[in-house]
Amino acid sequence: MAVSNDTSNLKAGELKAGAGAQATAGARFSAVFAGTMGPLIGLVLLCLALSLTTDTFLTIRNILNVLDQITVLGIMAIGMTLVILIGGIDLSVGSVLALASMVMGFVAHPDYLNLGLPAGIAAALVVAGLCGLVSGLLVTITKLPPFIATLAMMSVARGLANMITDGSQIVGFPDWFTSLSIIRHFGFLSVTVGLMIVLAVIFAIFLNYRATGRSLYAIGGSAEVARLSGIPVKSLTNWVYAICAVLAGLAGIVLAARLDSVQPSSGLGYELDTIAAVVIGGASLSGGVGSIGGTAIGVLIIGVLRNGLNLLGVSPFIQQVVIGVVIALAVATDTWRRRAQ
């Protein structure tokens, strides 16, 4: 009888442990899309409205075009999500994108160093990472506010991008490079879109299933409490800014593949779109709240909105007004949500 009771207790314990593990896994999976119900409803309503007002919005071709158009923004927004999670901001991503793409062109193009595209891509990512690391050090060592530190880097990076070729663009890359954004494998997926999706999955797993990723939420909640808990706040902050800049550089490479050219004026205004996408997706500018899933929805909202306004023949100037209103509403919603909590 004792053996039977022990066996029953053991089985009950195993069932509870299994249920607990499933609950934990489910909770972590739901955290990938935490706080995204509002943005998701907004995206669905936006798609419904555009499908009723245009004949071409819900076509396969147009949906694939939307995915192509949001690739650059999507890659940049992943890095910005990390920065905003720790309570920071990065205004330099558009300029870093331009600098990285110009470095790639200068190193790889036959009219300049002619070292080949692999060397150009590597150089671009290294330069971008160094820009991000400098921004992080300005925040952690000199104690500059992130807004000021990255504003300074924005100016420096843009100036360096113009200095490389005295403001001239570089045109013409190998066919295999430009085909990365043109050829649709399996009939729908280009390499650049696939890259964006893979990066989103990797960073979603990192934030929700790795201790270091969850530490970013703790830093955003309270950097001092996180430091007292043993989290290396300064080191992680430096890495976050470096990773954000590397992803901006990678976005510049993707943009070069799409346009078959690089120019120092690339990325103007991209930092605002990137921040807007993250905030629209439910992230809080005060830090500690956000998710990759939410950012993906925010990127889609901006991409779908721009695409739909183009299909409706709306003036680009009016589009800027609409995007501005959406950004204001997103930030206001974030403020109301924090006050309610």
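Conventions used here
- Residues numbered from 1 in each chain as written.
- Predicted model: local features only at pLDDT ≥ 70, side-chain atom pairs only at ≥ 80, totals over all residues.
- Heavy atoms only, no water.
- Patch = residues over 30% accessible without salt bridge, like charges linked within 9 Å, V, L, I, M, F, W, Y side chains within 5 Å.
- Areas by Shrake-Rupley, 256 points an atom, 1.4 Å probe, with all protein chains shown as cover.
- Salt bridge = Lys/Arg side-chain N within 4 Å of Asp/Glu carboxyl O.
- Helix = DSSP H or I, 4+ residues; strand = E, 2+ residues; numbered from the N terminus.
- Buried < 20%, exposed > 50% of the residue type's maximum accessible area, 1.4 Å probe, protein only.
- Phe/Tyr/Trp six-rings, centres within 6.5 Å; stacked < 30°, edge-to-face > 60°.
- Core = buried A, V, L, I, M, F, W, Y, C linked by side-chain atoms within 4.5 Å.
- Contact = heavy atoms within 4.5 Å.
- Polar contact = N/O pair within 3.5 Å; in protein donor to acceptor, adjacent residues only side chain to side chain.

The next subject is a nonpolar patch on the surface. On the surface, Met-37, Leu-40, Ile-41, Val-44, Leu-45, Leu-48 and Leu-52 cluster together into a nonpolar patch covering about 710 Å² of accessible area. Within the secondary structure, Leu-40 is located in helix 2 (residues 37-53). The exposure class of Leu-40 is partly exposed, given its relative accessible area of 36%.

Before going further, it helps to examine the packing of aromatic side chains. Counted under the stated rule, the structure contains four aromatic pairs. An aromatic cluster is built from Phe-173, Trp-176 and Phe-177, whose rings are joined through pairwise contacts.

In this model, Lys-143 sits at a positive phi of 65°, which is unusual for a non-glycine residue. Residue position: Lys-143 is located in the loop between helix 6 (117-140) and helix 7 (146-164). In this model, Asp-260 sits at a positive phi of 60°, which is unusual for a non-glycine residue. Within the secondary structure layout, Asp-260 lies in the loop between helix 12 (233-259) and strand 2 (261-262).

Moving on, we come to the pattern of salt bridges. A complete count under the given rule lists three salt bridges for this structure. The partner of Asp-68 in a salt bridge is Arg-184, and the shortest N-O contact between them spans 2.8 Å. Of this pair, Asp-68 sits in helix 3 (residues 60-69) while Arg-184 sits in the loop between helix 8 (175-178) and helix 9 (191-209); the two residues are 116 residues apart in sequence, bridging distant segments of the chain. Classification of Arg-184 as partly exposed rests on a relative accessible area of 28%. Salt-bridge contacts for Arg-306 lead to Asp-273; the nearest nitrogen and oxygen are separated by 2.9 Å. Here Arg-306, found in helix 14 (residues 292-311), pairs with Asp-273, found in helix 13 (residues 270-280); they are 33 residues apart in sequence, far enough to count as distant.

If you look at the biggest cluster of nonpolar residues, it comprises 87 residues, and the most contacted ones within it are Ile-75, Met-104 and Phe-177. Per-element accounting of this core gives the leading share, 15 residues, to helix 12. Non-local contacts of Ile-75, meaning those with residues more than four positions away in its chain, are made with Leu-195, Met-196, Leu-199, Leu-247, Leu-250, Ala-251 and Val-254.

To continue, consider the side chain of Thr-237. Residue placement: Thr-237 occurs in helix 12. Thr-237 sits in the buried class, given a relative accessible area of 8%. Among the polar contacts listed, one links the side chain of Thr-237 to the backbone oxygen of Val-233, at a separation of 2.7 Å. Not counting residues up to four positions away in its chain, the partners in contact with Thr-237 are Ile-86, Val-139 and Thr-140.

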